[in-house]
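Each chain, written out:
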Amino acid sequence: MDSLQFVLIIGLVALVVINAFSLWWAMKLNRQLRERPAPKVYEIKVDAGKVLADIDMSEVEQLTKQQLAKVANEAGARFKESLDNAVDNLSVRISDMANNSLVGEFEKYQVSLQALRDQSIQEFSKLQKELDERRTQLTEHLGRVIQQEGEKRLGALDERMNDVVSSYIIESLGNQVDLGAQSAYIFDMLHEHKDEIKKDILS
Amino acid sequence: MTEAAPVRLPLDLYSPEQLSAVIIELRAYIGSLRDESVRAKAGHATIAAPHASALLLGAFHEAGAKPTDQPELEKLLKQFQAIRDKAPSVHLMMAALPNRELKRKLTDWFRTEVHPYALLTFATRTDIGGGFILQAGSHIYNYSFREQLLGHKSRISEIYNSVR
C-alpha cells in the first residue's frame, strides 16, 4: 500500500509539473511571438488614395483582426488538443503504472500470503507432531506409572499376605487345632519326603 | 566276649532332654544300687531296687535289663551316653503340642524309617494353622497349612474375584 500511494503521489506531481511546463511553454511561445523582430518595413509610399482607393481601411483592419483571431484560436485549439493528449497519455501511463504496481504488489502479497500459509501449515504440522509425540510419551509414562503402582501395591499385598493369612488362621482356628485329624496329612507328608528328610538328618 | 545287642529306646523317651535326664537318673540309680548292694552284703539281705521313674523303668524294660543287675545297668549307661552323643535330632513345630499317642507314633516313624535312635523335640506355633515344620540340621521342611496357603497366593485373588 505504501508503494501504491507513492506511485500515485509521483503521478500527481508529474501531472502538476507537466501542466506547469505546458503553461510555461505557452507563455514562452507567446513571448516569442511578441519578441519576434519586427518585420522590415519598407517604406513604400503608396498613395493609398490611389491603391486602396476603393477599399475601406476600417474594413481591412477588421479583416486583419479576424485573421489574427482565427490564427490565435487555431493555435489555442492545437495547444488544447496537445495538452489533452498529454493529459490522456499521462493518465493512461499513470493508470498502467498503478495497475502494474498493484498487480505486482498483489502478486507479491499473494506469494507472501502463500508462504505465510505454508509456513503456518508447517508450524501447525510440527506442533501437531510434537503434541502427538508428547501425548504418546505421556500415555506411555502414565501406563508405566500405573503398572509400577500396580506392582507396588501387589508387592505390598504379597508382603502383607503372610500377616493376613496368619491372622486369619489364628482367628479361624484359635485353639481348636485337632492334631489327631491332621495326623494322616502329617504322616503322608513324612512318607512323601522321607528320602530327603532322612538324607538331611543323617548327613 | 560277644558283642552286645543294640539297645532300644522306649517310644516315650523321644527327646535329648529326656535322654539326658534318664542318664543322670541312671547314674544316680547305679550309685544307689551300689550302696544298696554293699548294705545287702553287710546285712546278708537281698538287694532292693532303688526308686526309679517310669521313664527309666521303661528304658530298662525296652533294653531287657534287670533293675538290680549293676554291671548290665552300667553297660546300659554307657550305651545311653553313646546314643546321646551320636543320635540324630529332629525338631518338629506344630500348631498345638501333640499328645502322648501322636508323639509315640512320630517317634516310632522316625526310628523305623530314619534312624533307630532318632530323638525329637516339639514346639508349638499357632500361626501355622496345621501340618508341621520340620528342622533337620540346617534344613527346614515346611509342610504347614499356612505355607500351603501362601504357596498359592494367586489362587486366593482368583477365588476372591470369582466369589465377588
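Remember, predicted model here, so these are calculated numbers, not experimental data.

**Here we look at the overall build of chain A**
Working step 1: Looking only at helices and strands, one finds five helices and zero strands in chain A.
Working step 2: Written out in order from the N terminus, the α and β elements of chain A read α-α-α-α-α.
Working step 3: A buried classification covers 11% of the 203 residues belonging to chain A.

**Let's talk about the overall build of chain B**
Working step 1: Within chain B, the regular secondary structure consists of six helices and four strands.
Working step 2: The order of helices and strands in chain B, counted from the N terminus, is α-α-α-β-α-β-β-β-α-α.
Working step 3: Considering chain B as a whole, with its 164 residues, one finds that 39% of them fall into the buried category.
Working step 4: Long-range pairs, those at least 24 residues apart, make up 66% of the contacts in chain B between residues at least 6 apart in sequence.

**Some words on the pairing of strand 1 (residues 89–94) of chain B**
Residues and elements named next belong to chain B.
Working step 1: Two strands pair when backbone bridges link them, and strand 1 and strand 2 (residues 119–124) are joined in this way by six bridges, in the parallel orientation. In the strand pairing of strand 2, H91 is matched with T121.
Working step 2: Read from strand 1 through helix 4 (residues 100–113) to strand 2, the crossover connection turns out right-handed.
Working step 3: Alignment of strand 1 against strand 3 (residues 131–136), held across four bridges, turns out to be antiparallel. Bridge assignment links H91 to a residue of strand 3, and that residue is Q135.

**With respect to the interface of chain B and chain A**
Working step 1: With 35 residues of chain B in contact, the opposing surface of chain A contributes 26 residues.
Working step 2: Taking both sides of the interface into account, the surface hidden between chain B and chain A amounts to around 2800 Å²; carbon and sulfur atoms contribute 75%.
Working step 3: Applying the counting rule to chain B against chain A returns one salt bridge.
Working step 4: Notably, a salt bridge pairs B:E113 with A:K194, separated by 3.0 Å at the nearest N-O pair.
Working step 5: Counting every contact that joins chain B to chain A gives seven residue pairs in polar contact (both at pLDDT 80 or more).
Working step 6: Residue assignment for the side of chain B that touches chain A shows that the elements contributing at least two residues are strand 1, helix 4, strand 3, strand 4 (139–144), helix 5 (145–150) and helix 6 (153–163) of chain B.

**Description of helix 2 (residues 54–63) of chain B**
Residue and element names in this part refer to chain B.
Working step 1: All of the buried residues in helix 2 are L56, A59 and F60. All buried residues of helix 2 lie within an arc of 100° about the axis, which places them on one face of the element. In helix 2, the exposed residues that point more than 90 degrees away from the buried face are A54 and H61.
Working step 2: Phi turns positive one or two residues past the end of helix 2, at G64, with a value near 75°.

**A word on the sheet that holds strand 3 of chain B**
Working step 1: Taken in spatial order, the four strands make up an open sheet running 2-1-3-4 (chain B), and their pairing is mixed. The open sheet has two edge strands, strand 2 and strand 4 of chain B, and neither has a second partner. For this sheet the average axis-to-axis angle between neighbouring strands, irrespective of direction, equals 20°.
Working step 2: Set on the sheet, helix 5 (residues 194–202) of chain A makes contact with strand 1, strand 3 and strand 4 of chain B; between it and strand 4 of chain B the angle comes to about 150°.

**Looking at the environment of B:Y143**
Working step 1: Tracing the sequence through the fold places B:Y143 in strand 4.
Working step 2: Here B:Y143 falls in the buried class, since its relative accessible area comes to 8%.
Working step 3: Remark: the alpha-carbon pair of B:Y143 and B:I133, spanning ten residues in sequence, is separated by 5.7 Å.
Working step 4: Not counting the four nearest positions on each side in its chain, B:Y143 is found in contact with A:Y185, A:M189, A:H193, B:G130, B:G131, B:F132 and B:Q148.

**Some words on the packing of aromatic side chains**
Working step 1: Inspection of every chain in the model, using the stated rule, returns nine aromatic pairs over all chains.
Working step 2: Ring geometry for A:Y185 against B:F145: centres 5.3 Å apart, planes inclined by 65°, an arrangement best described as edge-to-face. Of this pair, A:Y185 sits in helix 4 (residues 179–192) while B:F145 sits in helix 5, which puts the two residues in different chains.
Working step 3: Taken together, the ring pairs connect B:F132, B:Y141 and B:Y143 into an aromatic cluster.

**Quick word on the pattern of salt bridges**
Working step 1: Throughout the structure, instances matching the rule amount to nine salt bridges over all chains.
Working step 2: As a salt-bridge pair, A:R135 and A:D132 come within 3.1 Å of each other at their nearest N and O atoms. Taken as a pair, A:R135 and A:D132 lie in helix 3 (residues 57–173) at a separation of three residues, close to a single helical turn.
Working step 3: We classify A:R135 as exposed; its relative accessible area is 54%.
Working step 4: A:D132 sits in the partly exposed class, given a relative accessible area of 29%.
Working step 5: Shared partners join several salt bridges into a network, and the residues in it are B:D12, B:R100 and B:R104.

Parameters and conventions
- Residues numbered from 1 in each chain as written.
- Chains lettered and ligands numbered in written order.
- Predicted model: local features only at pLDDT ≥ 70, side-chain atom pairs only at ≥ 80, totals over all residues.
- Heavy atoms only, no water.
- Helix = DSSP H or I, 4+ residues; strand = E, 2+ residues; numbered from the N terminus.
- Buried < 20%, exposed > 50% of the residue type's maximum accessible area, 1.4 Å probe, protein only.
- Contact = heavy atoms within 4.5 Å.
- Pairing = 2+ DSSP bridges.
- Right-handed = clockwise from strand over helix to strand, strands pointing away.
- Buried area = accessible area lost by both parts, 1.4 Å probe.
- Salt bridge = Lys/Arg side-chain N within 4 Å of Asp/Glu carboxyl O.
- Polar contact = N/O pair within 3.5 Å; in protein donor to acceptor, adjacent residues only side chain to side chain.
- Arc of directions from axis to C-beta.
- Axes fitted to C-alpha atoms, helices over the stretch in contact; angles between N-to-C directions.
- Phe/Tyr/Trp six-rings, centres within 6.5 Å; stacked < 30°, edge-to-face > 60°.

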